[in-house]
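# Per-entry structural report
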Amino acid sequence: MPKERLISADSHVTIRDDAVIEHLPSKYHQAHEDARAEMLALMAKKAKPKRENTPAPALPVASEKRPWEAAGRAGEFDPVERLKDMDIDGVEAEVLYTSVEAGITYNSIPEGGRLACFQAFNNAALDFAATDPKRLVVVYIVPIVEIGEAIAEVQRLAREGAR
């Protein structure tokens, strides 16, 4: 009997700011930091305040300290650890969604900084996927403010081997 193939089509990966900064020209570092701070402030402002004495919703728990087995593991951002987690779970491949917030954040950066940030983020994501491109299939982010930038970035990603 053939082995069943388990492929996750709705997984997530965190592309950390330090990985993005490694790929970002230094002249855009401050713009990146400012845009991230602005986005975090906006998210905090929109967050619904938690009412006192309101219990948190119940989550499926593997233990009292970890709400699920993979919670807090390095596989969230480290591709080698991610592959180990996938092996434990019997997952052959994952489609990995990145950050919606990053795209929104970068759209506010003026001039060439916007495209540079998108490219740096996607380069960090390419690095993540390169560890095993047949198993780690990343969904990249595309700038949508200028259609020419979007087309150029999609073409660049294809040239770089994005799947």
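Residues numbered from 1 in each chain as written. Predicted model: local features only at pLDDT ≥ 70, side-chain atom pairs only at ≥ 80, totals over all residues. Heavy atoms only, no water.

## Notes on the packing of helix H2 (residues 29-46) against helix H4 (residues 100-107)
Formally: Under this scheme, a helix contributes an axis fitted over its contacting stretch, all axes are lines through C-alpha atoms, and angles between N-to-C directions fall in the 0 to 180 degree range. Segments assigned H or I by DSSP are reported as helices when at least four residues long, segments assigned E as strands when at least two residues long, and all are numbered from the N terminus. By definition in this entry, angles of less than 35 degrees are roughly parallel, angles greater than 145 are roughly antiparallel, angles of 65 to 115 are roughly perpendicular, and the rest are oblique. In a left-handed crossing the near helix is turned counterclockwise from the far helix by less than a right angle, and in a right-handed crossing that turn is clockwise. We call two residues contacting when some pair of their heavy atoms lies within 4.5 Å. Each residue gets one of three labels, nonpolar for Ala, Val, Leu, Ile, Met, Phe, Trp, Tyr, Cys and Pro, charged for Asp, Glu, Lys and Arg, and polar for the others, Gly among them.
Closest axis-to-axis distance for the H2/H4 pair is 9 Å, and the angle between their directions is 120 degrees. On the basis of their axis angle, the class for H2 and H4 is oblique. For the crossing formed where H2 meets H4, the hand is right-handed. Where H2 approaches H4, its residues His32, Ala35, Arg36, Met39 and Met43 are matched on the opposing element by Glu101, Ile104, Thr105 and Tyr106. Residue composition of the contact of H2 with H4, by class: five nonpolar, two polar and two charged.

## Describing the pairing of strand S2 (residues 93-97)
Heads up, the rule is: At least two bridges found by DSSP between two strands are what make those strands a pair.
For strand S1 (residues 7-12) and S2, the ladder comprises four bridges, and the chain directions are parallel. Bridge pairing links isoleucine 7 to alanine 93 in S2.

## Observations concerning the packing of H4 against helix H5 (residues 113-130)
The description of two helices packed together rests on the angle between their axes and the distance between the axes. Put simply, H4 and H5 touch, their axes get as near as 8 Å, and they point 160 degrees apart. Looking at the two axes, H4 sits roughly antiparallel to H5. In the crossing of H4 with H5, the sense of the turn from one axis to the other is right-handed. Of the residues in H5, those in contact with Ala102, Gly103, Tyr106 and Asn107 of H4 are Arg114, Cys117, Phe118 and Phe121. The class makeup of the residues in the contact of H4 with H5 is five nonpolar, two polar and one charged.

## As for the sheet that holds S2
Pairing is parallel in the open sheet, where three strands are placed in the order S1-S2-S3. Every interior strand has two partners, whereas the edge strands, S1 and strand S3 (136-139), have only one. Averaged over all adjacent pairs, the angle separating strand axes in this sheet is 25 degrees, with direction ignored. Each of S2 and S3 touches H5; the most contacted strand, S3, lies at about 165 degrees to it.

## Quick word on the confidence of the model for the chain
Spelled out, the test is: Per residue, pLDDT captures the predictor's confidence, and it can take any value from 0 to 100.
Summing up the model confidence of the chain, the mean pLDDT is 87 and the portion of residues at 70 or higher is 85%. Between residues 59-63, whose pLDDT stays under 50, and residues either more than four places distant or in other chains, the model counts nine contacts.

## Points about helix H6 (residues 147-159)
Using the following cut-off: Multiplying 1.5 Å by the helix residue count minus one yields the expected span of that helix.
Counted at 1.5 Å a residue, the expected span for H6 with its 13 residues is 18 Å, and the 18 Å between its end C-alpha atoms agrees. Buried residues along H6 sit against H5. Downstream of H6 by one or two residues, glycine 161 has phi in the positive range, about 100 degrees.

## Regarding the packing of aromatic side chains
Rules: Only Phe, Tyr and Trp rings are paired, with Trp represented by its six-membered ring, and only when their centres lie within 6.5 Å; those with planes under 30 degrees apart are stacked, over 60 edge-to-face, the remainder tilted. In this scheme, a residue with accessible area under 20% of its type's maximum is buried, one over 50% is exposed, and one in between is partly exposed, where area comes from a 1.4 Å probe on protein chains only. Placement of a charge over a ring requires the Lys NZ or Arg CZ to be within 6 Å of the ring centre, with the centre-to-atom vector within 35 degrees of the ring normal.
Under the counting rule described, the total for this entry stands at two aromatic pairs. For the pair tyrosine 106 and phenylalanine 118, a centre-to-centre distance of 5.5 Å together with 75 degrees between the ring planes defines the contact as edge-to-face. On the criterion of sequence distance, the pair formed by tyrosine 106 in helix H4 and phenylalanine 118 in helix H5 is long-range, its members being twelve residues apart. For phenylalanine 118, a relative accessible area of 1% puts it in the buried group. Note on tyrosine 106 and phenylalanine 121: the rings are 6.3 Å apart at their centroids and 65 degrees apart in plane angle, and the pair reads as edge-to-face. Here phenylalanine 121 lies in helix H5 and tyrosine 106 lies in helix H4, a separation of 15 residues in the sequence. In this structure tyrosine 106 comes out as buried when scored by relative accessible area, which is 1%. Exposure remark for phenylalanine 121: the relative accessible area of 2% places this residue in the buried category. An aromatic cluster of three or more residues is present, and its members are Tyr106, Phe118 and Phe121. The ring of phenylalanine 77 carries the charged tip of arginine 16 above its face, separated from the ring centre by 4.1 Å.

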